[in-house]
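Descriptive analysis of the structure
Here's the letter readout for the chains.
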Amino acid sequence: MPMKLQRRYKHFHRYRDVVQTLGKHGFDFLFKQIGLTEFLRGRKFTPEEELEDSTAKRLRLAIEELGTTFIKVGQLLSTRPDLIPKEWTVELSKLQDEVPPFSFMDVRKQIETELGHTLEDLFSSFEAEPLAAASIGQVHRAVLHGGEEVVVKVQRPDIEEIIKTDLEILHDLARLLEKHTDWATMYNLRDQVMEFEDILTNEVNYLNEGQNLDIFRRNFKNDKRVYLPEVYWDYTTKKVLTMEYVKAVKLTDSERLDKMDVDTGQVVTTLCEVVFKQIFVDGVFHGDPHPGNVMVFPDGRIVLMDFGIVGVIDDELKEKFGDMLIAQVSWNTEAILRSFLSLGLAPPDINRRELRHDIERMQHKYYGMPLSKIKLGEAMKEFLEIAFDYKIKLPTEFTLLAKAMIILEGIISRLAPQLSLMEIAEPFGKDLTRRRLTFDYLKKTISKNLQEYGEILGSLPRQLSDLMNIMEHGQFKATLEHKDLREFLNNLNHMINRLAFSIVLASLIVGLSLIVQGIEHSILWRIPLAEIGFIVAGAMGFWLLISIIRSGRF
Ligand SMILES: Nc1ncnc2c1ncn2[C@@H]1O[C@H](COP(=O)(O)OP(=O)(O)O)[C@@H](O)[C@H]1O
Ligand SMILES: [Mg+2]
């Protein structure tokens, strides 16, 4: 029997479940398309047209029925507007990861098998009732024989096996779909499944989470604003993670938060700053900083938990983001387009003209908006949506960054609506710029970027000649001039705003990238453009004055 068939029969029962559950919710046409009818035999499904719910809702219902793996994949998809339509992301974000806890007997068994000692040998006390239960594992309080208070995260029995089986089935389905349908090939479905497989495999390996925790502990060793629990490696394996118990109040616990009388605005600011430090300075960031994973001490220090998913910004991505940054700063749509395309994987027949048009439309929306009004997460999400429309595949890290921004903005709007994530981000962008302005770094990148600089400089004369035009008109009619001047100043304002926006968005996006940014912003554009702007405005005012005098209408 060929291997693929073997696999299908190895997981016969689960495979049949998957196919029939999807069939029940109106997706049986898929299996007919790919010739996988053996699991449908003898079953009659209501035709899709007769089902009342939308496709997205039916998909969510099927996913809920199919359990952990599918729920996890569905949750990942809900943060990927670059992969699925917007309505689907909305529907899939309703997927809940809440499940009843598993029995203490299983907890004991799991710990004893993993650590090779009895529970009593390992702990002087162990709370049978979990603090929290999720689909992969649950968390119990315990005390070591040395008296250290700990929490033990214990993986559900069989969950690794279940996830492995489901992923194999998903791989097989993706392969068949790619073989039989154009859309699956277009979306590189198999690569996508592989990517989700990586994420889930990391999540079910607690060694990975423990290592992440150690990395963040090291990165924040001297930082008084944040606390990270210590991992007890002697009590940790792939399926059991033991760490220091931290007594603090969860950000979701508004009642106790109120009683504690901490400055919520300050706490939220700290949280955002801490995440930006991870992005801009460390290059490793918490992928899921939602309020359930954050605690607060009475003195305002925060505690981060749950490091199953972290984003890493590597050098290659930095480079690509860097190109994008240049493009953003120069406000050169063609260059943005190019960097957009190099950042992601675009289909060869992409309609560049329309894509450029859409990018311009997005730019216009933010043009002239005050920094504090710009929603960073939303802006990044829009970027992802454009990517979806044009079937451009963006790096997962980028989408993780967008997700983190959306989560932080959610926390701001709930707990401290007076704050703006964009404003909190700005100094990080500037700081980065400063730090990247070292001679070596400049030397390395300057030659590489000469071409792009040329483009920026190239557009300068045109802008100047536009100004000249305005001024010429001014000579004819002084009243009109006033308006033009105002318009010009307005434009200047807009220009500064959109540049500020670009700087922060792009550098954030990048996370790092920067030199380029350093050069672009500080030397080329930042000082000069603003100053040139003032000089030109001054000159115009003068010119205007002269023309008004000349026109004799003063
Ligand atoms: N070090 C800790 N100290 C105190 N409570 C903790 C600690 N780690 C986890 N918890 C509690 O357990 C819950 C679940 O832990 P978490 O690591 O977020 O797991 P999950 O991946 O299931 O969300 C947390 O929300 C928190 O209430
Ligand atoms: Mg959690």
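Only a predicted model underlies this, so the values are computations on that prediction, with no experimental measurement involved.

Rules used in this analysis
- Residues numbered from 1 in each chain as written.
- Chains lettered and ligands numbered in written order.
- Predicted model: local features only at pLDDT ≥ 70, side-chain atom pairs only at ≥ 80, totals over all residues.
- Helix = DSSP H or I, 4+ residues; strand = E, 2+ residues; numbered from the N terminus.
- Buried ≥ 20, exposed ≤ 12 C-beta atoms within 10 Å, placed from the backbone.
- Contact = placed C-beta atoms within 7 Å.
- Near = placed C-beta within 6 Å.
- Nonpolar A, V, L, I, M, F, W, Y, C, P; charged D, E, K, R; others polar.
- Expected span 1.5 Å × (residues − 1).
- Core = buried A, V, L, I, M, F, W, Y, C linked by C-beta atoms within 7 Å.
- Domains from an automatic or database assignment.
- Pairing = 2+ DSSP bridges.
- Axes fitted to C-alpha atoms, helices over the stretch in contact; angles between N-to-C directions.
- pLDDT = per-residue confidence, 0-100.
- Parallel < 35°, antiparallel > 145°, perpendicular 65-115°, else oblique.
- Left-handed = near helix turned anticlockwise from the far one by under 90°.

Okay, the overall build of the protein chain next. Looking only at helices and strands, the protein chain features 22 helices and eleven strands. Per-residue burial over the protein chain gives 35% buried out of 554 residues. Contacts spanning at least 24 positions in sequence make up 67% of the contacts within the protein chain whose residues lie at least 6 apart.

Moving on: the site of ligand 1. Contacts to ligand 1 come from 16 residues, most closely from Ala-132, Ala-134, Val-139, Pro-229 and Asp-306. Of the residues belonging to the shell around ligand 1, the class tally is ten nonpolar, three polar and three charged.

Turning our eyes to something else, we now look at the environment of His-145. Relative to the assigned elements, His-145 resides in the loop between β3 (137–144) and β4 (149–155). The exposure class assigned to His-145 is exposed, which follows from the 11 C-beta atoms found within 10 Å. Spatially, the C-alpha atoms of His-145 and Ser-124 are 5.0 Å apart, while their sequence positions differ by 21 residues.

This part is about helix α3 (residues 55–66). The end-to-end C-alpha distance of α3, which contains twelve residues, comes to 16 Å, matching closely the 16 Å that a straight helix rising 1.5 Å per residue would cover. Among the structural elements, α4 (68–78) and α5 (86–92) are those in contact with the buried residues of α3.

What follows is about unusual backbone geometry. Unlike most non-glycine residues, Asp-158 shows phi in positive territory, near 70°. Relative to the helices and strands, Asp-158 resides in the loop between β4 and α8 (159–180). When the 12 C-beta atoms within 10 Å are taken as the criterion, Asp-158 is described as exposed. For Asp-306, which is not glycine, the phi torsion reads 70° and is therefore positive. When you line up the elements, Asp-306 lands in the loop between β10 (302–304) and β11 (310–312). Take Asp-306: there are 19 C-beta atoms within 10 Å of it, and that puts it in the partly exposed class.

Once that is clear, we can look at the nonpolar core. One finds Leu-271, Val-275, Ile-302, Leu-408 and Leu-421 to be the most contacted residues of the largest nonpolar core, which totals 70 residues. Here the element with the most residues in this core is helix α18 (residues 396–415); it accounts for ten residues. When we break this core down by domain, the ones giving at least three residues each are domain 2 (98–166 + 194–247) and domain 3 (315–405). Other than its neighbours up to four places away in sequence, Leu-421 contacts Cys-272, Leu-376, Met-405, Leu-408, Glu-409 and Ile-412.

This part covers the sheet that holds strand β9 (residues 294–296). What links the strands of a sheet is backbone hydrogen bonding, and the strands pair in either a parallel or an antiparallel sense. Strand order across the open sheet formed by four strands is β5-β10-β9-β7, with mixed pairing between neighbours. Two strands lie at the open edges of the sheet, namely β5 (226–227) and β7 (249–250), each paired on one side alone. The pairing of β9 with β10 spans three bridges and is antiparallel. Bridge assignment links Met-295 to a residue of β10, and that residue is Val-303. Along the sheet, helix α13 (residues 264–282) contacts β5, β9 and β10; its crossing angle with β10, the most-contacted strand, is approximately 45°.

As a further point, take the pairing of strand β6 (residues 240–244). A large share of β6 lies buried, amounting to four of its five residues. Pairing of β4 with β6 involves five bridges; the strand directions are antiparallel. Bridge assignment links Lys-153 to a residue of β6, and that residue is Leu-241.

Attention now moves to the confidence of the model for the protein chain. Mean pLDDT over the protein chain works out to 80, with 72% of the residues at or above the 70 mark. Predicted confidence is poor over residues 470–482, with pLDDT under 50, and the contacts of this stretch with residues over four places away or in other chains come to 18 contacts. Contacts for the low-pLDDT stretch residues 500–534, under 50 throughout, to residues beyond four places or in other chains number 89 contacts.

A word on the packing of helix α2 (residues 12–33) against α8. Running from N to C, α2 and α8 cross one another at 25°; their axes reach a closest spacing of 12 Å. Accordingly, the angle class assigned to the pair α2 and α8 is roughly parallel. At the point where α2 passes α8, the crossing takes the right-handed sense. Listed contacts from α8 to Arg-14, Tyr-15, Val-18 and Gln-33 of α2 are Thr-165, Ile-169 and His-180. Its residues assigned to classes, the contact of α2 with α8 shows three nonpolar, three polar and one charged.

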